[in-house]
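# Architecture at a glance
Residues per chain are reported as follows:
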Amino acid sequence: MTINIGEIGEELSTLELAETPEGGQVQGPRSGWRLALATFVGNKLAVVGAGIVIFFILFSFVGPHIYVTNQTYTNPIAAFQAPSAKHLLGTDPAGFDELGRIMKGGQAALEIGFLSALIATVIGTLVGSVAGLVGGVVDGLLMRLVDVMLSIPLLFVILIVSARFHGTSVVNLSLIIGVFSWLVSARLVRGEVLSLRERDFVFASQTMGATRRHLIFKHLIPNALGVVIVNITFQVADAINLLAILGFLGFGLQYPAVDWGDMLSQALTWLQDGYWWTVYPVGICLVLVVMAFNFIGDALRDTVDVRLRRR
Amino acid sequence: MTIAESPGAGPNWIFPVTPAANESVYTVSDFQGFSWLPVLYAPKGESPQISWNQSLAKSISFKNFNRTVIIHLRNNYKWSNGKPVTARDVEFYIWLLKAAVKISPSNFGNYTPGLFPDNLSSMGTPNNYTLVLKLKHTYNPNFLELSQLGVLEPLPTAAWSKTSLHGRDIPFNNIRNAEKIYNFLAGQSKKLATYGTNPLWKVVDGPYVISSFDPSTDGCSFVRNKRYTGFGRPHINKVVEVAFTSTQAEFNQLLQGKIDFGGVDFSDLKQVPNLKRHGYAVWGAPDFGFNYVVYNFKDGTNDFGHIIGQLYVRQALAHLQNEPAVIKSPAMFDGAASQAYGPVPTSPSSPFTPKSAAHDPYPFSIAKARTLLGKHGWRKVNGVLTCEKTSCGGGIPKGTKFETNIIYGSQPAIIGQQDEAWASNMAKLGIKITLQSETFNQIISTYSDVGTNAKNRNQWGMIDFGGFTGFVYPTMNEIFNTTGSFNFGGFSNPAVDRAIHASEYSLNNSAVQKELNLETQLQPGLFQPMPDGIAAWKKSLSGPAYSFAAESQYVLEPNLWYFKK
């Protein structure tokens, strides 16, 4: 009996196609970033969130170039005009076009959200890295500082600082919010660094004489970046929320600048008079943006966490 | 009954010698005024005149070319400890005033150096109900009666003439003792948490006595003074003043029927029919006073003190205020205000109203403002109005930028809205304004007194806390006189000082009108529209019409009110 090798091959390949192995389909090697991207894109809420954020970035920064309105000079006589072809969302109490105002408020929300998140992340990452790597008394002191600051209501502190320093500009408000929002970042990064510092590549680097600064900037922070990136998205959402609260309480931006909280606060004064266009559109924008960043943050967390990542 | 306090402007000083930093209608008229009564009571309803029925004095006579004043007190008023209210109690008050201003001029809000009580050469009490004041100079009789003597108020000598809570009475009629007594009483007044329990504040001659005070909100309550013997014995046993953080919060409480009497903000005017459906009466009238933005003539930041010192600049700023639009705007006064151009409005009527009250010397015109500033060398450079001449007058050097800040009262919202509209018009010319909001109490306690307090000088260019309710005789002595106690921005003009001096010393009754005309022309501050003071009260609440009308002058008279059954 002669055996046709070609036939055996055909039989084997038929077998492979017919049944999927228990461990899943074997695929070629994929990079971590591609895998992360695939996981992120596979999360429908994340895609919706990213879409909303991109929409609001375009709406706030490109929108005013397309839908051009006066946002500098008030016009008291034109206050509270109902939506029309001239003013798509009507006018506000100062006579400003409401849609244009929402765009301008959106700029402030996104600028302050990103800037304060960046400030908070930089501070938190550095503090967490130093605490985690150095350990001992330094770690103890830094973490107790974090504990103490976490025990004080953030809004309370920020209100006092805002009142004292008149946080009337985007930079001032970003600094005020950022400087008091780094605590969670610090804790997360510290936890990550505590684990990383026991890894072989860190020992190897130390053995070769690497300084602490080198370890932090070349090994620890890059390897903790996943946690940091996830946290940034939540920081942005929190900062936008906080800005809205500050604005609502009268500690936000001042004329001619505007923020959504300030707009909501003003609008509520006349809520019972039927000027719905000054309340609901801006309220919906605020909810959408904060929600979108939270969606993105949740998805990024799933993406970065290897245990939750789909293969 | 419940009365709503004005948000952010709750009372914060109980002792009736009130420092400038605490003096407001909310503290003096609507808080202290419930417990301690003045010798001369004003207004009469909404009218700026003395209400003799409500005054402790039954008459005043003048002798010796008005240098001798004889005040005849009624003999039916008693302190709540049973002792009679006498001329000696007024004398006690005057000694405390002398002590207060000797320690610091800022201890008495209505103080002007050289005037009361500095101008007293002697005083005496020939009997229990007659006080004789001898003055160093002859004054305009209206000024004397309606302004200077308007501050007089008897205080309970027998209960307060001491230096500790449980100490013995000491003689008050020498300045050393008076200073000790003043320091003790002012010290007690700083302890806000004790207002409801301190036995000192329980001795009153007014219709109500304080029963509680919450220092965290400035909310307070009063109970009926059962031993009140004067005009208008109270029918309502307890008056609660409720504090609010915003006019909106207050209005919501009105709609829920939880407040018996409260102010109605302009932002709620469209809800008046709704309020009426909820069983409220609503009424309003203009105050006999003025609203204005205070200029800081001492501000060194960006050389603003020198800039605002120029008349043409103040005239240009007045041209940039669009009063008709602000009054008409549905988001602002919605018609419930009238144009005002100087310290006295056209309504309510007064014999002292000047002709200038009815004529706008600087009507809204951006073009006129631009021309005025341009003529003096101001040009827009990189978007900011800049002095481009060697000097733009008053030592303003070339290159000076026209930029400053306005600190405005956070409540009611109309204050910030007016300033925003004004700043917007200024921005059209390149004047750069930064707006900041603070509460009424913060503003008057923090930013007043740039004259003696160097720390204050460079913190602000303009403040807007609202305005002033004037005396019946409306000289601006305390506000625009160089040495005026409420001259917050350090305005100083020899012609105005001379005009004020004439209002005080001249026997010519038109002198005050000339003064007011001059102030209207010189614009020591930006005079703003005069709003109606609007209030709502439950229809079940009743009383004489004038007692409700007085609210437009920031005076509450709950002792005259009662609930209909």
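Rules and cut-offs
One numbering rule holds for all chains: residues counted from 1, following each sequence as written. In the order they appear in the text, chains get letters beginning with A and ligands get numbers beginning with 1. Reporting of local features is limited, given that this is a predicted model, to residues whose pLDDT is at least 70; pairs of side-chain atoms are given and counted only at 80 or more, and all residues count toward the totals for whole chains, interfaces and linings. Helix and strand definitions follow DSSP, with helices as H or I runs of at least four residues and strands as E runs of at least two, each counted in order from the N terminus. Buried residues are those with 20 or more other C-beta atoms within 10 Å of their own C-beta, exposed residues have 12 or fewer, and partly exposed residues lie in between; C-beta atoms are placed from the backbone. As a reference, a globule follows 2.2 Å times the number of residues to the power 0.38, and the radius of gyration itself is taken over C-alpha atoms. Where helices are involved, their axes are fitted lines through C-alpha atoms of the stretch in contact, as for all axes, and angles between N-to-C directions lie from 0 to 180°. Every angle not falling under 35 degrees, over 145, or within 65 to 115 is termed oblique; those three ranges are roughly parallel, roughly antiparallel and roughly perpendicular. Crossing handedness follows the turn of the near helix against the far one: under a right angle anticlockwise gives a left-handed crossing, and clockwise gives a right-handed one. Once C-beta atoms have been placed from the backbone, residue pairs whose C-beta atoms lie within 7 Å are recorded as contacts. Charged residues are taken to be Asp, Glu, Lys and Arg, nonpolar residues to be Ala, Val, Leu, Ile, Met, Phe, Trp, Tyr, Cys and Pro, and polar residues to be all remaining types, Gly included. One requirement defines pairing of two strands: DSSP has to find at least two bridges between them. By definition, a nonpolar core groups buried Ala, Val, Leu, Ile, Met, Phe, Trp, Tyr and Cys residues that connect through C-beta atoms lying within 7 Å of each other. Each residue after the first adds 1.5 Å to the expected span of a helix. Here the arc refers to the directions that run from the helix axis out to each C-beta atom. One number per residue, pLDDT, summarises how confident the predictor is, and it ranges from 0 to 100.

## A look at the overall build of chain A
Looking only at helices and strands, chain A has twelve helices and zero strands in total. The helix and strand sequence of chain A, counted from the amino end, reads α-α-α-α-α-α-α-α-α-α-α-α. Looking at chain A as a whole, 41% of its 311 residues are labelled buried.

## Re the overall build of chain B
When helices and strands are tallied, chain B shows 18 helices and 21 strands. Against the compact-globule benchmark of 24 Å for 565 residues, chain B has a radius of gyration of 24 Å, which places it among compact chains. With respect to the three principal axes, the spread of C-alpha positions in chain B is 70 × 60 × 40 Å. Evaluated residue by residue, chain B yields a buried proportion of 57% over its 565 residues.

## Details of unusual backbone geometry
Residues and elements named next belong to chain B. Residue Pro-117 is reached from Phe-116 by a cis peptide bond, and omega for that bond is 5°. Note that the residue after Gln-411, namely Pro-412, is joined by a cis bond; omega there is -5°. Tracing the backbone shows Pro-412 in the loop between strand 15 (403-409) and helix 12 (413-429). Here Asn-64, not a glycine, exhibits a phi torsion of approximately 55°, which is positive. Within the element layout of this structure, Asn-64 appears in the loop between strand 2 (57-63) and strand 3 (68-73). Of note, the phi angle at Asn-382 is positive, near 50°, even though the residue is not glycine. Of note, Asn-382 is situated in the loop between strand 13 (378-381) and strand 14 (384-387).

## Some remarks on helix 11 (residues 260-269) of chain A
Counting buried residues in helix 11 of chain A gives nine out of ten residues, a clear majority hidden from the surface. Of the residues making up helix 11 of chain A, those classed as buried are Trp-260, Gly-261, Asp-262, Met-263, Leu-264, Ser-265, Gln-266, Ala-267 and Thr-269 of chain A.

## What to know about the packing of helix 10 (residues 212-248) of chain A against helix 12 (residues 280-304) of chain A
Residue and element names in this part refer to chain A. Between helix 10 and helix 12, whose axes approach to 8 Å, the crossing angle comes to 165°. Relative to helix 12, the element helix 10 lies roughly antiparallel. Considering only the axes of helix 10 and helix 12, their crossing is left-handed. Facing helix 10, whose interface residues are Gly-226, Val-227, Ile-229, Val-230, Thr-233, Phe-234, Val-236, Ala-237, Ile-240, Asn-241 and Ala-244, helix 12 presents Leu-286, Val-289, Val-290, Phe-293, Asn-294, Ile-296, Gly-297, Leu-300, Arg-301 and Val-304.

## Some words on the packing of helix 3 (residues 44-66) of chain A against helix 12 of chain A
All names here are of chain A. Contact geometry for helix 3 and helix 12: axes closest at 8 Å, N-to-C directions at 135°. As the angle between them shows, helix 3 and helix 12 are arranged oblique. Every pair of crossing elements has a handedness; the one defined by helix 3 and helix 12 is left-handed. Contacts from Leu-45, Ala-46, Val-48, Gly-49, Ala-50, Ile-52, Val-53 and Phe-56 of helix 3 reach helix 12 at Leu-288, Val-289, Ala-292, Phe-293, Phe-295, Ile-296, Asp-298 and Ala-299. Across the contact of helix 3 with helix 12, the residue classes tally to 14 nonpolar, one polar and one charged.

## Observations concerning the sheet that holds strand 2 of chain B
All names here are of chain B. Across the sheet, four strands lie side by side as 2-3-5-4; this open sheet has antiparallel pairing. Each end of this open sheet is capped by a strand with a single partner; those strands are strand 2 and strand 4 (120-127). Across the sheet, the mean angle from the axis of one strand to that of its neighbour is 15°, orientation sign disregarded. In this structure, strand 3 lies alongside strand 5 (residues 130-135), joined through five bridges in antiparallel fashion. Counterpart to Val-69 in the pairing with strand 5 is Leu-133. Contacts from helix 2 (residues 87-103) reach strand 3, strand 4 and strand 5, with the element oriented near 160° to strand 4.

## What to know about the pairing of strand 17 (residues 462-469) of chain B
Residues and elements named next belong to chain B. For strand 17, a buried count of eight out of eight residues is recorded, marking the element as mostly surrounded by other parts of the structure. In this sheet, strand 17 lies alongside strand 11 (residues 289-295) in antiparallel orientation, the contact comprising six bridges. Note on strand 17: the bridge partner recorded for Tyr-295 is Met-462. Of the pairings in the sheet, the one linking strand 15 to strand 17 comprises three bridges and is parallel in character. Pairing of Ile-406 across the sheet is with Met-462, part of strand 17.

## Side note on the interface of chain B and chain A
Chain B puts 24 residues into the contact, and the matching count from chain A is 19 residues. Looking at the side of chain B that touches chain A, the elements that each hand over two or more residues are helix 10 (323-328), helix 12 and strand 16 (432-438) of chain B. Looking at the side of chain B that touches chain A element by element, the count peaks at eight residues for helix 12 of chain B. Broken down by class, the residue content of the side of chain B that touches chain A amounts to ten nonpolar, ten polar and four charged.

## Let's talk about the pairing of strand 3 of chain B
Two faces belong to every sheet, and in a regular strand the side chains alternate between them. Residues and elements named next belong to chain B. Residues of strand 3 alternate between two faces, with Val-69, Ile-71 and Leu-73 buried on one and Thr-68, Ile-70 and His-72 left unburied on the opposite face. The pairing of strand 2 with strand 3 spans six bridges and is classified as antiparallel. Across the sheet, the residue bridging to Ala-57 is Leu-73, located in strand 3.

## Structural notes on the sheet that holds strand 18 (residues 525-528) of chain B
Residue and element names in this part refer to chain B. Spatially, 16-15-17-11-18 is the arrangement adopted by the five strands of the open sheet, whose pairing is mixed. Of all the strands in the sheet, the pair left with one neighbour each is strand 16 and strand 18. Put simply, the sheet's adjacent strands are angled 30° from each other on average, direction ignored.

## What about the nonpolar core?
Counting 241 residues, the largest nonpolar core has Ile-177 and Leu-243 of chain A together with Leu-96 and Ile-463 of chain B as the members making the most contacts within it. Among the elements that make up this core, the one with the highest residue count is helix 10 of chain A (15 residues). Look past the residues within four positions of Ile-177 of chain A in its chain and what remains in contact with it is Ile-112, Ser-116, Ile-158, Ala-239, Leu-242 and Leu-243 of chain A.

## Let's talk about helix 16 (residues 494-505) of chain B
Residue and element names in this part refer to chain B. For helix 16, with twelve residues, the first-to-last C-alpha span of 16 Å sits near the 16 Å given by 1.5 Å per residue. All of the buried residues along helix 16 are Val-496, Ala-499, Ile-500, Ser-503 and Glu-504. The arc that holds every buried residue of helix 16, seen down its axis, measures 140°, which confines them to one face. Across helix 16 from its buried face, at more than 90 degrees, point the exposed residues Pro-494, Ala-495 and Arg-498.

## As for the confidence of the model for chain A
Chain-level statistics for chain A give a pLDDT mean of 84 and a share of 86% at 70 or above. Contacts for the low-pLDDT stretch residues 5-18 of chain A, under 50 throughout, to residues beyond four places or in other chains number one contact.

## Regarding the environment of Ile-175 of chain B
Residues and elements named next belong to chain B. With respect to the secondary-structure elements, Ile-175 resides in helix 5 (residues 175-189). Here the alpha-carbon distance between Ile-175 and Ala-100, two residues 75 residues apart in the chain, equals 9.9 Å. Sequence-distant contacts of Ile-175, defined by excluding residues within four places in its chain, comprise Lys-98, Ala-99 and Lys-102.

## A few points about the environment of Ile-57 of chain A
All names here are of chain A. Position of Ile-57 relative to the elements: it lies in helix 3. C-beta crowding within 10 Å serves as the criterion here: with 16 such atoms nearby, Ile-57 is assigned to the partly exposed category. Each C-alpha atom of the pair Ile-57 and Phe-248 lies 22 Å from the other, and the pair is 191 residues apart in sequence.

## Some thoughts on the environment of Tyr-195 of chain B
By the secondary structure assignment, Tyr-195 of chain B is in the loop between helix 5 and strand 6 (208-214). For Tyr-195 of chain B and Ala-20 of chain B, which are 175 residues apart along the polypeptide, the C-alpha to C-alpha distance reads 20 Å.

## Quick look at the confidence of the model for chain B
Scored by pLDDT, chain B has a mean of 93; 99% of the residues are at 70 or more. The ipTM assigned to the predicted complex is 0.74, against a pTM of 0.81.

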